[in-house]
Structure formats: C-alpha cells, structure tokens
Amino acid sequence: MPTVSLRVHPLYNPCMRFLLALLAIGAFAQQTMIWPVRGTREMVGAANNFEVEAGFRILLQGGNAIDAGVAATLAAAVTEQARFGLGGEMPLIIKMAGKDPIVISGVGVAPKKATVDWYNSRRPEPWETSGKRPPVPVNGLRAAITPGVFDGLMLALANHGAMPFEKVVAPAIEYAEQGFPLGDEFASFLRANEDLLRSWPASAAFFLPGGKLPQRGEVWRATNLAQSLKELVQAEKKSRGSRARKIQAVRDYFYRGPLAKRIAAFSEANGGLISYDDLANFHAEVDQPRTTTYRGYTVVKPGFWTQGPVMLEALNILEGYDLNAMGHNSPQYLHTVLEAVKLAFADRDRYYGDPKFSNIPEDRLLSKNYAAERRKQIDSQRASLEHRPGDLGLPSVPMPSGGGRDGAVQDTTCVNVVDRWGNAFNATPSGSWLPSVIAGDTGIPYSTRLQSFVTTPGHANQLAPGKRPRVTLSPTMVLKDGKLLLVMSTPGGDNQDQAMLQVLLNILDFGMAPQEAAEAPRFQTEHFYSSFAYHDFVPGKVNLEHRIPAATIEQMKALGHQVEVRGDWSNGSAPTVILVRDGVLHGAADPRRGRFIFGR
C-alpha cells in the first residue's frame, strides 16, 4: 500500500499549535473542581465569603495576617454558627516573619463543679433515653467548658497584631447588625435542630426570629451578638494607655466584667456548671509547638492537648517507606498509610491529654526510634483489627467503652492567612456549633466540648475541674529551612489529621499542586476511640471515596480492611491550604464543604 502524506499549509500550523494549546489548557482545567487561586502578596482561606472578605478587608487596610485572622474568625462566629460560635475554642499557630512559630491555646477548661462523680450520677437530659446516654451530654449547658476562643484571639491580637480591637471586629459587627444572607448549611442545620432549639427559649429567640425558621438566602441578623461586640468596643475606647492595655480591657470585659456576669448567671440559673469564678480565672496560653522532620521539611503542630501530634507520629512512621514508588492511592499505599495512622491514633487514645494534669511521654512518642519500632508492627499483607497503643512502660488504663456513634457533632471551621510580609495565622476555630444554648441576651453560644473528656480512672484525658479536654482541633504548618512553606487547617473532628496527612503527602511525596492535593480521593479510618459522645471503637473500619478504582477497593477488602464505599466527595474534612514557594502563594479550597480562598 502506498504511503499517504498529509500536507498542512504553513499558514495553518500556528492555528494548530493554538488549538493544541487550548486543548491542553482544557485538559488541565478538568483536573480540579475549583480553579487554583494564586497570588504574590497575601491570601485568606476560610469557610465562606463573609469570613474571607473580613480578613481581606483588614489586609487592605494595612493590617497583618494576625489582624486579618482575628477578623475572619470573629466573622465566622457570626456567619458560620452551624459550625462555630464565640463561646467555642481554638488552637492557633502563629509565625511572624523571621521568627519561630508559636502556639496559642484558646481552649477552655472544665468548670470547677465538673467532676467525674457529678457526671457519673447525673440525670438524663430531656432528649436522652435512660438506657442510652453518653458519660457527658452531647448538647446543652452541662456539656459546656469555659469559652476559650475569644481570649486566644485577644492574646494573639495584643502580642502579634497591629490594629485595635475596634478595627478587627468591625466586619463581624456589620454582619451581625446589618445581617447577611443565610447560607445553605446554616439553614439546613437550623431546620434539623429546630425542635431542640425551641426547647431553649434564649436559643429560639436568637436563631428563630419571630418564632419562624429562617430559610436559605434570607437575611438573618444577630442583634444581641452585635450588641455584645459593641460593648467590647466601648470597653476598649474607655480604657487608657497602650494598645495592649486597651485590648486587655476588652478581654476583662468578656471574662471579668458585665458579659462574664451575664454568661455565668444564665448558666447557673438554668442548671449549668459554669460560674463567674470559672470565667474570671480562665486565660489563654502561649505554648511551644510540637514538631518533627519529614524528608527535609519541618512539620509544626499544637501539643498533646490536641490530636495534632498524631500527624507527627504518622509521618515519622511513613518516612521509612518509599511512598512515591508505591503509586498514589494504590492498594499498597493506602494500606501502608492507613496502618500508620491507626498506630498513631492508638497512641492518641491512650496517652494524650492536658499536659498540665497528665504525665505524657512526649519525647518518646515523637522520637524517630519509636517510629521505627512502630513501623515493624505494620503487616504489609494484612490489616490490623486490634487497638495497639505502644508499650511505654506506663500503668495500663482501660479504654472507654462505646455505646454507638453520635451524629450530633457538627464540628469546626478553619482560618488561614498569609500576608505580604510573610506572617502567617493558622487556626482551627470550633465549638458552640448548632444546636447551641445561647447565654441569655448576650448572643453568645456555649460550647459542648466537655463531651471530649472521658471518665475512665487514670486516663490522661480524664475529666477534672480546670482541665482542658483533649480536642481534635489541629492546624498544620510546614517550614523549609526555617521559612514558611505551608499552612493548612480543616474541620472534620477525628478525621482532621488523617485528611490533612493525605493532602500533605500528595504535595510533598507526589508533587501535586495544593488544589489537586485537596481534591484527590481520600480514605477515612474509624479505627480509633471517638473523641465525642460515647467514645466507641470501630475496628478496621475505613471509608473510601467512590472515585478510588473498584479494583483497588477489592484489594483493600482482601487485605482485611472493613471497607465502606461512600460518595465521590464524601470525606468529612475540607481544608484550605496556602503554599508559599518562590514568591508565589498557591491556594486551595476543598469543594467537599463550602470553602473559600482569595489572594492577590
């Protein structure tokens, strides 16, 4: 057969090249659900457009990342109360340009009346059945710890911000007073919790104005909350002295002044345990971050009063494997990462708690030698169905018994900011989610984080007055040669660190851009003792997103994993990520939940 030669006119070649270029761009565009966001100056990532706008407004007014992060978090306490409110809690990592990171613990503590004996003898709440109730209520006033997030924000603003409180709270007051269109998630959570909210008159008056259930897109106002925020502004204006002294006056008004008295009085009048003394004696704290190295990077997390070190231990274990050679989301890769995460979670379940109350073997848990020992416990051919904390020579403690997973935990948001000077704000605000009890006419919801304690004698996370519960909240920062490389945080409860671990491995081991890394299919193990409600254990359970190939799923089952295949985008976490490389900010917003990111 003769050879056929197809000739193209020379004038057509540039057109063909242009067409091929367009096809290539189109192929890339289909790789992510959301277009990557990039900039060279500053970037804000959070849960909705109001929060991002609040943070960016402050940046445009000359504020730094800490000013902007505080503003975005306060805006979240108004516009995202399905997931977070001003009575909640927050771990925060701050890195100022040219300085080492620091951690702020804005996590409240158990009231002085909150003892194991009190909860062991408590009566059922109206919504509980006598035969099935957790050690600590999931909802209501008797699940409340002291508000922690506000003092954490004020500590960050005073020590590392540049603006007065009046400036950074202005967007939150605007949204609370003038109103904002209610988001779909907020509206759906109100609908799902309507009956419980109506049983608490102050909550019904706050969330259901005029006795009616607000609908999505309807302008909703939080006038009581706006008034409380304006009272805090007035406290700053009336104070004399330095900027720090004025911010202290704001803090004192919340924790020792009229607001504290109203929050405490409502609690005590309605059967809660929080007293005025609990509020007056609380203060947020500066802490040293916990770190490890992974393939030349330094990973920074909050301490053992969070689950953050889970990621550090898992990375130490995984550093001994060539994950890239296994292939992304291959059966071998998924199995290896899962088994490492399960070992790290087992140590969390057994050893983590407030270090001020508990003897935690921190150095051992985070050592490379310990990781090498734990690595030997991973069977490449079989999934473990056992709960296996490491033997660290401490007395054995029985693990809490379960009673069924509770679906009422609404959990958490995230705020990440990097400014033009290289400062970073990296936070996981949480608590006071719906259904929440509002403290009378203050507009401030109580947290329900007390449920994260256990009542098991001798456990590091055993309930005690004045103690922080070990929280799931876990912002993540990564440095390279001491310089900021990445900030990331996410909602998701117990899932936070396993989700962010996968995103981080996607970036560091597989070279993905942040948006690709955030959108890639994920797993979610439930092989741990839950941090909420019944604290139950589900051996071997792993949820896989449906986008993972069927052949891989079958091989995971053959390895012994108790697999449940869920929706394409069903993973319970949704981080925002800001990566800093060669003077460019690369942002990511996970589409699994409403996430927003903007930069310039």
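These remarks concern the structure in this document. (Residues numbered from 1 in each chain as written. Predicted model: local features only at pLDDT ≥ 70, side-chain atom pairs only at ≥ 80, totals over all residues. Heavy atoms only, no water.)

**Quick notes on the overall build of the protein chain**
No. 1: Regarding its fold elements, the protein chain presents 21 helices and 19 strands.
No. 2: Taking 25 Å as the expected radius of gyration for a compact globule of 600 residues, we find that the protein chain reaches 24 Å, a close match to that expectation.
No. 3: Dimensions along the principal axes, computed over C-alpha positions, put the protein chain at roughly 95 × 60 × 50 Å.
No. 4: Residue burial in the protein chain is summarised as follows: out of 600 residues, 62% are buried.
No. 5: Taken as a whole, the protein chain presents about 22,500 Å² of accessible surface, with 52% of it coming from carbon and sulfur.
No. 6: In the protein chain, 64 positive and 58 negative side-chain charges are present, and the distance between their average locations comes to 3 Å. (Helix = DSSP H or I, 4+ residues; strand = E, 2+ residues; numbered from the N terminus. Rg over C-alpha atoms; globule rule 2.2 N^0.38 Å. Buried < 20%, exposed > 50% of the residue type's maximum accessible area, 1.4 Å probe, protein only. Areas by Shrake-Rupley, 256 points an atom, 1.4 Å probe, with all protein chains shown as cover. Lys, Arg positive; Asp, Glu negative; His and termini not counted. Charge placed at Lys NZ, Arg CZ, Asp CG, Glu CD.)

**A few points about the sheet that holds strand E13 (residues 483–489)**
No. 1: Here we have 7 strands laid out as an open sheet, ordered E1-E18-E17-E13-E12-E9-E8, and antiparallel in their pairing. The open sheet terminates on both sides in strands that have one partner only, identified here as strand E1 (37–39) and strand E8 (290–294). Strand-to-strand twist of the sheet, defined as the mean angle between neighbouring strand axes without regard to direction, takes the value 20 degrees.
No. 2: Summarising the sheet, strand E12 (residues 476–480) and E13 pair through 5 bridges and their orientation is antiparallel. (Pairing = 2+ DSSP bridges. Axes fitted to C-alpha atoms, helices over the stretch in contact; angles between N-to-C directions.)

**A closer look at the sheet that holds strand E11 (residues 424–427)**
No. 1: Strand order across the open sheet formed by 7 strands is E7-E4-E3-E11-E10-E2-E19, with antiparallel pairing between neighbours. With one partner strand each, in any of the chains shown, strand E7 (285–287) and strand E19 (596–599) form the two edges of the open sheet. Within the sheet, the average angular offset between the axes of one strand and its neighbour, ignoring direction, is 15 degrees.
No. 2: The sheet contact formed by strand E4 (residues 102–106) and E7 spans 3 bridges and is antiparallel. Each residue of the ladder has a partner; that of Ile-104, found in E7, is Val-286.
No. 3: Its contacts with the sheet place helix H2 (residues 49–60) against strand E2 (43–46), strand E10 (415–418) and E19, and it is angled at close to 155 degrees to E2. (Contact = heavy atoms within 4.5 Å.)

**Quick word on the environment of Gln-234**
No. 1: Turning to its location among the elements, Gln-234 is positioned in helix H10 (residues 223–238).
No. 2: You can call Gln-234 partly exposed: its relative accessible area is 38%.
No. 3: Sequence separation of Gln-234 and Ala-249 is 15 residues, and the distance between their C-alpha atoms is 9.6 Å.

**A look at the nonpolar core**
One recurring pattern in soluble globular proteins is that nonpolar side chains are buried together.
No. 1: The biggest cluster of nonpolar side chains holds 89 residues, and the ones touching the most others in it are Leu-74, Phe-150, Phe-165, Phe-207 and Phe-425.
No. 2: When residues in this core are grouped by element, the largest group, 10 residues, is from helix H3 (residues 65–79).
No. 3: With residues up to four places along the chain from it excluded, the contact list for Phe-165 reads Leu-74, Phe-150, Met-154, Leu-157, Leu-229, Leu-232, Val-233, Glu-236 and Val-250.
No. 4: Counting residues in each nonpolar core, the second largest holds 60 residues, with Leu-366, Ile-378, Leu-504 and Leu-559 among its members. (Core = buried A, V, L, I, M, F, W, Y, C linked by side-chain atoms within 4.5 Å.)

**Description of the packing of aromatic side chains**
No. 1: Tallied over the full model, the rule gives 21 aromatic pairs.
No. 2: Ring plane angle 70 degrees and centroid distance 6.5 Å describe the contact between Phe-186 and Phe-207, whose orientation is recorded as edge-to-face. One end of the pair, Phe-186, is in helix H7 (residues 184–192); the other, Phe-207, is in helix H9 (residues 201–207), and 21 residues separate them in sequence. There is no split in this pair, since Phe-186 and Phe-207 are both buried.
No. 3: Centroid distance Tyr-529 to Phe-537: 5.0 Å. Interplanar angle 20 degrees. Geometry classified as stacked.
No. 4: On the basis of relative accessible area, Tyr-529 is assigned to the buried category, the value being 15%.
No. 5: The class for Phe-537 is partly exposed, based on a relative accessible area of 22%. (Phe/Tyr/Trp six-rings, centres within 6.5 Å; stacked < 30°, edge-to-face > 60°.)

**Thoughts on H10**
No. 1: The end-to-end C-alpha distance of H10, which contains 16 residues, comes to 22 Å, matching closely the 22 Å that a straight helix rising 1.5 Å per residue would cover.
No. 2: Every buried residue of H10 is accounted for by Leu-225, Ala-226, Ser-228, Leu-229, Glu-231, Leu-232, Val-233, Ala-235 and Glu-236.
No. 3: Looking at the buried side of H10, the elements it contacts are H3, helix H5 (149–160), helix H6 (165–178), H9, helix H11 (243–255) and helix H12 (258–269). (Expected span 1.5 Å × (residues − 1).)

**Let's talk about the pattern of salt bridges**
No. 1: Going through the model one piece at a time under the given rule, you end up with 40 salt bridges.
No. 2: Ionic pairing is found between Arg-216 and Asp-184, a salt bridge with its closest N-O pair at 3.0 Å. Remark: Asp-184 occurs in helix H7 and Arg-216 occurs in the loop between H9 and strand E6 (219–220); sequence separation between them is 32 residues.
No. 3: What you see here is one network of salt bridges that share partners, running through Arg-522, Glu-545, Arg-547, Asp-590 and Arg-592. (Salt bridge = Lys/Arg side-chain N within 4 Å of Asp/Glu carboxyl O.)

**Concerning the pairing of E13**
No. 1: Within E13, 6 of the 7 residues are buried, which leaves the element mostly enclosed by the surrounding structure.
No. 2: The loop that links E12 with its antiparallel partner E13 comprises 2 residues; one of these, Asp-481, has a positive phi angle of about 55 degrees.
No. 3: As judged from the 4 bridges shared by E13 and strand E17 (residues 576–581), these two strands associate in the antiparallel manner. Paired with Ser-489 across the two strands is Thr-576, which belongs to E17.

**So, H7**
No. 1: Among all positions of H7, only Phe-186, Ala-187, Phe-189 and Leu-190 are buried. Projected down its long axis, H7 carries its buried residues within an arc of 165 degrees, all on one side.
No. 2: Packed against the buried residues of H7 are H3, strand E5 (180–181), helix H8 (194–198), H9 and E6. (Arc of directions from axis to C-beta.)

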